[in-house]
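# A structural walkthrough
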Amino acid sequence: QVQLVESGGTLVQAGGSLRLSCAASGRTFSNAVMGWFRQAPGKERDFVATISWYGVTSYYADSVKGRFTISRDNAKNTLYLQMNSLKPEDTAVYYCAARQPYESTSRNWNEYAYWGQGTQVTVSS
């Protein structure tokens, strides 16, 4: 079982930066693929980024590639999302998610077993 709590969401101006954190509890964090997803009002939940167990491999949505960086600190059971050059279209609730242990990276939200409650990111123009 993994419990996830996101933090760091806030209001920021376009062009600014923000770092989201996701604190995980449970012994299986270091063996679980982690991901970030986001959902804007009236839209579907979209993939943002995913990272492998030890952080060696990561994948990004085209819309954030080159601006966002996903990372993890397994010693602290924490996942991060560094967001730079933010745009108004990045406005959404951001969720961190975990797959079951030993599964592979995925861009599909329905393949993630555990979810946080979400943190709101608002980018003003």
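Summarised in this report is the structure supplied together with it. Bear in mind the structure is a predicted one, so any value in this text is a computation, not a measurement.

Calculation criteria
- Residues numbered from 1 in each chain as written.
- Predicted model: local features only at pLDDT ≥ 70, side-chain atom pairs only at ≥ 80, totals over all residues.
- Heavy atoms only, no water.
- Helix = DSSP H or I, 4+ residues; strand = E, 2+ residues; numbered from the N terminus.
- Buried < 20%, exposed > 50% of the residue type's maximum accessible area, 1.4 Å probe, protein only.
- Contact = heavy atoms within 4.5 Å.
- Disulfide = S-S within 2.5 Å.
- Pairing = 2+ DSSP bridges.
- Axes fitted to C-alpha atoms, helices over the stretch in contact; angles between N-to-C directions.

Turning to the environment of Ile51, a few remarks are in order. Topologically, Ile51 is positioned in strand S5 (residues 45-51). On the accessibility criterion, Ile51 (2% relative accessible area) is buried. Taking C-alpha positions, Ile51 is 9.1 Å from Ala32, a pair spaced 19 residues apart along the chain. Discounting chain neighbours no more than four positions away, the residues touching Ile51 are Val33, Met34, Thr57, Ser58, Ile70, Ser71, Arg72, Leu79 and Thr105.

All right, on to the environment of Gly35 then. Tracing the backbone shows Gly35 in strand S4 (residues 34-39). Residue classification places Gly35 among the buried positions, given a relative accessible area of 0%. With residues near it in sequence (within four places) discarded, Gly35 still touches Ala49, Thr50, Ile70, Leu79, Tyr95, Cys96, Ala97 and Tyr112.

On to the state of the cysteines, then. Applying the stated criterion across every chain yields a total of one disulfide. Across a sulfur-sulfur distance of 2.0 Å, Cys22 and Cys96 are joined as a disulfide pair. Disulfide Cys22 to Cys96: torsion about the S-S bond roughly 45°, handedness right-handed. One end of the pair, Cys22, is in strand S3 (residues 18-25); the other, Cys96, is in strand S9 (residues 92-98), with 74 residues separating them in the sequence. Exposure remark for Cys96: the relative accessible area of 0% places this residue in the buried category.

The next subject is the sheet that holds strand S7 (residues 68-73). Strand order in this open sheet of four strands is S1-S3-S8-S7, and the pairing throughout is antiparallel. Unpaired on one side and paired on the other, strand S1 (3-7) and S7 mark the two borders of the sheet. Shown here is a sheet whose adjacent strand axes are inclined to one another by a mean of 15°, direction ignored. For S7 and strand S8 (residues 78-83), the ladder comprises six bridges, and the chain directions are antiparallel. Bridge assignment links Asp73 to a residue of S8, and that residue is Thr78.

Looking at chain direction, S1 and S3 are connected through five bridges and run antiparallel. When the sheet's bridge partners are listed, Leu4 is paired in S3 with Ala24. Note that S3 and S8 share six bridges and pair antiparallel. By the bridge assignment, Leu18 is partnered in S8 with Met83.

In short, shape yes, function no, at least from these values alone.
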